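Secondary and tertiary structure notes
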Amino acid sequence: MDATESDKETYSFSGVKVSGYGKLLSEMKRQLAGLLYDMGFIASNNPKDNDANKFRDNMSLVKAVVCAGLYPNVAKVQSVPESKANRFALTKVVTTTDDKILIHPKSVNAQERQFESKWLVYHKKLKTTQVFLHDCSMVSPYSLLFFGGKIGTLRAKDQEYVS
């Protein structure tokens, strides 16, 4: 779907006003609700129905679903700038294919200085002056373990490792 100029309006997402693409997002939400209804996952095709959105406050579940949808686009936080004093210092991350990636300054995670987990999932890597992640979300290692593909185990003496 492409957005036209008439689609650009203010849209509220989790209490934050986002400018642009309001009609586009509303249409995508309506289409997703229709698909979930057709498959029998929800009882109504109305995306505003409380039953269709009953897990909206369970951020762990929402992040797990995001993790499952974006896997294998996983990055690990390598280093975080010490303080917000240097606003140009960016968090460095690595993936299985790239070891010099930064979180883009316009990302919601750009100013984050403490991550509960070192794991991020992302939609795209973009290369301009450097390789950046614009759209990334921190996820629990448990989400990666359960929703992130094949699991392997290794046993060494009295320890068992999961990979």
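The present account deals with the structure reproduced in this document. Since we're looking at a predicted model, the values are computed, not measured. (Residues numbered from 1 in each chain as written. Predicted model: local features only at pLDDT ≥ 70, side-chain atom pairs only at ≥ 80, totals over all residues. Heavy atoms only, no water.)

1. Focus on the environment of Leu120
Applicable threshold: In this text, helices come from DSSP runs of H or I with a minimum length of four residues, and strands from runs of E with a minimum of two, each type numbered from the N-terminal end. The buried label applies to any residue whose accessible area, calculated with a 1.4 Å probe on protein chains only, is under 20% of its type's maximum; exposed applies above 50%, and partly exposed to all values in between. Any pair of residues with heavy atoms lying within 4.5 Å of one another is described as a contacting pair.
Note that Leu120 resides in strand E6 (residues 119-122). Classification of Leu120 by relative accessible area gives buried; the value is 0%. Taking the C-alpha atoms as reference points, Leu120 and Met138, 18 residues apart in sequence, are found 4.3 Å from one another. Look past the residues within four positions of Leu120 in its chain and what remains in contact with it is Asn73, Val74, Ala75, Val77, Val93, Ile103, Phe115, Cys136, Ser137 and Met138.

2. Considerations on a nonpolar patch on the surface
We apply this condition: Like-charged residues within 9 Å of one another, or nonpolar side chains (Val, Leu, Ile, Met, Phe, Trp, Tyr) within 5 Å, are grouped into patches, provided each residue has over 30% relative accessible area and no salt bridge. Here the accessible surface of atoms and residues is derived via Shrake-Rupley with a 1.4 Å probe, and residues count as covered only by protein chains that are part of the display. Any Lys or Arg side-chain nitrogen found within 4 Å of a carboxyl oxygen on Asp or Glu counts as a salt bridge.
A contiguous nonpolar patch, built from Tyr142, Leu145, Phe146, Phe147, Ile151 and Val162 and spanning about 640 Å² of accessible area, is present on the exposed surface. Top contributing element to the nonpolar patch by residue count: helix H3 (residues 141-147), with four residues. Within the secondary structure layout, Phe147 lies in helix H3.

3. With respect to the nonpolar core
The condition that has to hold: We define the nonpolar core as a collection of buried residues of types Ala, Val, Leu, Ile, Met, Phe, Trp, Tyr and Cys that are connected through side-chain atoms lying within 4.5 Å of one another.
In this structure, Ala75, Val93, Ile103, Phe115, Leu120, Leu133 and Cys136 are the most contacted members of the largest nonpolar core, which totals 13 residues. Residue assignment for this core shows that the elements contributing at least two residues are strand E3 (74-79), strand E5 (101-103), E6, strand E8 (131-133) and strand E9 (136-139). Ignoring anything within four residues of it in the chain, the contact list for Phe115 reads Val77, Val80, Thr91, Ile103, Asn109, Leu120 and Met138. Among the nonpolar cores identified, the runner-up in size contains five residues, and Cys67, Val74, Val121 and Val139 belong to it.

4. Focus: the environment of Leu126
Relative to the helices and strands, Leu126 resides in strand E7 (residues 125-127). Separated by 22 residues in sequence, Leu126 and His104 place their C-alpha atoms 9.2 Å apart. Ignoring sequence-local partners within four residues, the contact set of Leu126 consists of Val131, Phe132 and His134.

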